[in-house]
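As a plain string of letters, each chain reads:
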Amino acid sequence: MIVCSCNVLTDHDVRTAVAAESRPRSTGQVYGCLGCSAQCGRCARTIRKIMDEALDASASACGGCAGHAES
Ligand code: FES
């Protein structure tokens, strides 16, 4: 799904950038990681949301805090 029509970035591109070694932590860094920069800014909220989801997923994947939950 295209999330940024100015730079033609997909949600997959954003997830790939978030998982990259440079670990972008702001939307600006994500654009930079993908070799572009924010144009109209309309996609910033969507990109932020995808970043948050991706970071949440990787946090729970490590089993860190979730491992302490009582069951
Ligand atoms: S839609 Fe992403 S900068 Fe315009």
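Basis of the calculations
- Residues numbered from 1 in each chain as written.
- Predicted model: local features only at pLDDT ≥ 70, side-chain atom pairs only at ≥ 80, totals over all residues.
- Heavy atoms only, no water.
- Helix = DSSP H or I, 4+ residues; strand = E, 2+ residues; numbered from the N terminus.
- Contact = heavy atoms within 4.5 Å.
- Areas by Shrake-Rupley, 256 points an atom, 1.4 Å probe, with all protein chains shown as cover.
- Salt bridge = Lys/Arg side-chain N within 4 Å of Asp/Glu carboxyl O.
- Buried < 20%, exposed > 50% of the residue type's maximum accessible area, 1.4 Å probe, protein only.
- Core = buried A, V, L, I, M, F, W, Y, C linked by side-chain atoms within 4.5 Å.
- pLDDT = per-residue confidence, 0-100.
- Expected span 1.5 Å × (residues − 1).
- Arc of directions from axis to C-beta.

Caption draft 1: Representation of the overall build of the protein chain in the model. Secondary structure summary: the protein chain contains 3 helices and 2 strands in total. Overall, the protein chain shows an N-to-C arrangement of helices and strands of β-β-α-α-α. Long-range pairs, those at least 24 residues apart, make up 43% of the contacts in the protein chain between residues at least 6 apart in sequence. Element-wise, carbon and sulfur atoms account for 53% of the exposed surface of the protein chain, whose accessible area totals about 4800 Å².

Caption draft 2: Region of interest: the pattern of salt bridges. A complete count under the given rule lists 3 salt bridges for this structure. With a shortest N-O distance of 3.2 Å, R15 and D11 are connected by a salt bridge. Remark: D11 and R15 occur in helix α1 (residues 11–19); sequence separation between them is 4 residues, near one turn of the helix. Residue classification places R15 among the partly exposed residues on the basis of a relative accessible area of 37%.

Caption draft 3: Spatial organisation of the nonpolar core. Among the nonpolar cores identified, the biggest contains 14 residues, and V14, V18, V30, Y31, I47 and M51 are the most heavily contacted of them. Those elements giving two or more residues to this core turn out to be β1 (2–4), α1, α2 (27–33) and α3 (44–61). Excluding residues that lie within four positions of it along the chain, I47 makes contacts with V3, V14, T27, V30 and Y31.

Caption draft 4: Region of interest: the confidence of the model for the protein chain. Averaged over the protein chain, the pLDDT score is 88; the fraction of residues at 70 or greater is 86%. Of all secondary-structure elements in the protein chain, the lowest mean pLDDT belongs to α3, at 89, while β1 reaches the highest, 98.

Caption draft 5: Expanded view of the environment of V14. Inspection of the secondary structure puts V14 in helix α1. Discounting residues that sit within four places of it in the chain, V14 has contacts with V3, V30, L34, I47, I50 and M51.

Caption draft 6: Just α3, in detail. Relative to the 26 Å expected for 18 residues at 1.5 Å per residue, α3 spans 25 Å between its end C-alpha atoms, a close match to the ideal helical length. Three or more residues of α3 are buried, namely I47, I50, M51 and A54. The buried residues of α3 occupy an angular sector of 100 degrees when the element is viewed end-on, so they sit on one face. Across α3 from its buried face, at more than 90 degrees, point the exposed residues R45, K49 and D56. Here the buried face of α3 lies against β1, α1 and α2.

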